[in-house]
Amino acid sequence: GIPVLALDPKNLSDVLDSITLVGKVTGREEAARLLVERLESRIQDIQRKAAEAVAGEGRPRVFVEIWDDPLMTAGPGTFIDELIRIAGGENIAGDVGMEWPEFSLEVVIERDPDVIITVWREPEDVCTRPAWSRISACKTQRIQKVNPDILTRPGPRLVEGLAELLEIMHPGSID
């Protein structure tokens, strides 16, 4: 007899819609509306900065390591893939046929990311894998650990994750 609301946002727009819905069902519509407006404004600001960075630098190839055994990443249809694109990057797993694919070490080497983002593994451990020293991100030390709460949980903090991705991919873009 307890009312339950289940949410399963798949992208940033769904996250914003979910915030609005939660506000409505909890009687906090105004607070939800204000939060969504602030988040939308921040997203637009990040999109503008990303567009400027891409125009000047291009889109770096990005690999997001979600898990290391087996090696898993975010593919198309995930909010992480969407965040990478909005922040001005190209997901090296953006063309695979599943949302959360396993990736072999060899495929990562072949696709040669410019940036590697991890949510669990320490950056200094990433390039110790066999032959990963040949990957562009390892050569240039562009490996960053990101708090999983702002990148892997579909909620308001995804916008923090979006800003962090922009700064990782295009350093100096965030004021």
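Above: the structure in question.
Conventions we followed
Residues numbered from 1 in each chain as written. Predicted model: local features only at pLDDT ≥ 70, side-chain atom pairs only at ≥ 80, totals over all residues. Heavy atoms only, no water. Axes fitted to C-alpha atoms, helices over the stretch in contact; angles between N-to-C directions. Helix = DSSP H or I, 4+ residues; strand = E, 2+ residues; numbered from the N terminus. Parallel < 35°, antiparallel > 145°, perpendicular 65-115°, else oblique. Left-handed = near helix turned anticlockwise from the far one by under 90°. Contact = heavy atoms within 4.5 Å. Patch = residues over 30% accessible without salt bridge, like charges linked within 9 Å, V, L, I, M, F, W, Y side chains within 5 Å. Areas by Shrake-Rupley, 256 points an atom, 1.4 Å probe, with all protein chains shown as cover. Salt bridge = Lys/Arg side-chain N within 4 Å of Asp/Glu carboxyl O. Buried < 20%, exposed > 50% of the residue type's maximum accessible area, 1.4 Å probe, protein only. Core = buried A, V, L, I, M, F, W, Y, C linked by side-chain atoms within 4.5 Å. Pairing = 2+ DSSP bridges.

Draft legend 1. Representation of the packing of helix α2 (residues 29–57) against helix α7 (residues 158–169) in the model. Direction vectors running N to C along α2 and α7 enclose 15 degrees, while the axes themselves pass 10 Å from each other. Regarding the angle of α2 to α7, the classification is roughly parallel. In the packing of α2 onto α7, the handedness of the crossing is left-handed. Across the interface between the two elements, Leu39, Arg42, Ile43, Ile46, Lys49, Ala50 and Glu57 from α2 touch Val159, Leu162, Ala163, Leu166 and Met169 from α7.

Draft legend 2. Examining a nonpolar patch on the surface more closely. There is a patch of nonpolar side chains on the surface, built from Leu5, Leu7, Leu21, Val22 and Val25 and spanning about 370 Å² of accessible area. Looking at the secondary structure, you find Val22 in helix α1 (residues 12–25).

Draft legend 3. Here's a closer look at the pattern of salt bridges. Here the structure, examined in full by the defined rule, presents 15 salt bridges. Among the salt bridges present, the one from Glu30 reaches Arg33, with a minimum N-O distance of 2.4 Å. With Glu30 and Arg33 both in helix α2, this residue pair falls three residues apart, about one helical turn. Linking Asp45 and Arg48 is a salt bridge whose minimum nitrogen-to-oxygen distance equals 2.7 Å. Of this pair, Asp45 and Arg48 both sit in helix α2, separated by three residues, roughly a single helical turn. One connected set of salt bridges, linked through shared partners, spans Arg42, Asp45, Arg48, Lys49 and Glu52.

Draft legend 4. Examining the side chain of Ser18 more closely. For Ser18, the location among the structural elements is in helix α1. With relative accessibility at 12%, the residue Ser18 sits in the buried group. Those residues in contact with Ser18 that sit more than four places away from it in its chain are Leu7 and Pro9.

Draft legend 5. Representation of the nonpolar core within the structure. Of all hydrophobic cores here, the largest spans 34 residues; its most connected members are Val64, Ile80, Ile117, Leu151, Leu162 and Leu165. Elements that contribute at least two residues to this core include exactly α1, α2, β1 (61–65), α3 (79–86), β5 (115–118) and α7. Residue contributions to this core peak at eight residues, all from α7. Ala93, Phe103, Val108 and Trp132 belong to the second-largest nonpolar core, a separate cluster that totals 15 residues.

Draft legend 6. Region of interest: the sheet that holds strand β4 (residues 90–91). The strand order β4-β1-β5-β6 describes an open sheet built from four strands, whose pairing is parallel. For this open sheet the edge positions go to β4 and β6 (143–145), each flanked by a neighbour on one side alone. Here three bridges tie β5 to β6, and the two strands are oriented parallel to one another. Following the sheet pairing, Thr118 is matched in β6 by Lys145. Packing against the sheet, α7 makes contact with β1, β5 and β6, and its axis sits at approximately 145 degrees to β5.

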